[in-house]
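Residues per chain, in single letters:
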Amino acid sequence: MIRELTCIVCPKGCALRVELEGKDVKSVTGHTCPRGQKYAEDECTHPMRTVTSTVRTSTGEVVAVKTATAIPKEKMVACMEAINRAVAQVPVTIGDVVIENVADTGVAVVAAANLEI
Ligand code: SF4
């Protein structure tokens, strides 16, 4: 099976072609640097995503949040459900942990903006 991807690691956006045998990556072509090969292999075997969203705060406003690192793609829905239930306490500073270990990923959801009282 052949899978075609666009590398999203840098703005160049190389067109990648991945040859798969079952779940095994047999070859990657189209990349112009090693990061593209790693992206293609990861995307076909264990895709990861950084989640960005907003969370309600104790004052009723919302503040931008994101996962501290990428999480498994299949955990994104559970992550968004946790974010929708969460309430951040104001004041909020960039980097504050809003949710620890979101969706049992071992990754925190952190504030991506400041919000003063
Ligand atoms: S393969 Fe390398 S150069 Fe091409 S988009 Fe990916 S990171 Fe950028």
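A. Region of the structure containing the sheet that holds strand β3 (residues 24-29). Strands sit in the order β1-β2-β3 across an open sheet of 3 strands; the sheet is antiparallel. This sheet does not close on itself; its edge strands, each paired only once, are β1 (2-6) and β3. Within this sheet the neighbouring strands show an average axis-to-axis angle of 30 degrees, counted without direction. With 5 bridges joining them, strand β2 (residues 15-21) and β3 adopt antiparallel strand pairing.

B. Local environment of the domain arrangement of the protein chain. Each domain of the protein chain was delimited in the assignment, giving domain 1 (2-45) and domain 2 (52-111). A separation of 30 Å is found between the C-alpha centroids of domain 1 and domain 2.

So, how was this worked out
- Residues numbered from 1 in each chain as written.
- Predicted model: local features only at pLDDT ≥ 70, side-chain atom pairs only at ≥ 80, totals over all residues.
- Pairing = 2+ DSSP bridges.
- Helix = DSSP H or I, 4+ residues; strand = E, 2+ residues; numbered from the N terminus.
- Axes fitted to C-alpha atoms, helices over the stretch in contact; angles between N-to-C directions.
- Domains from an automatic or database assignment.

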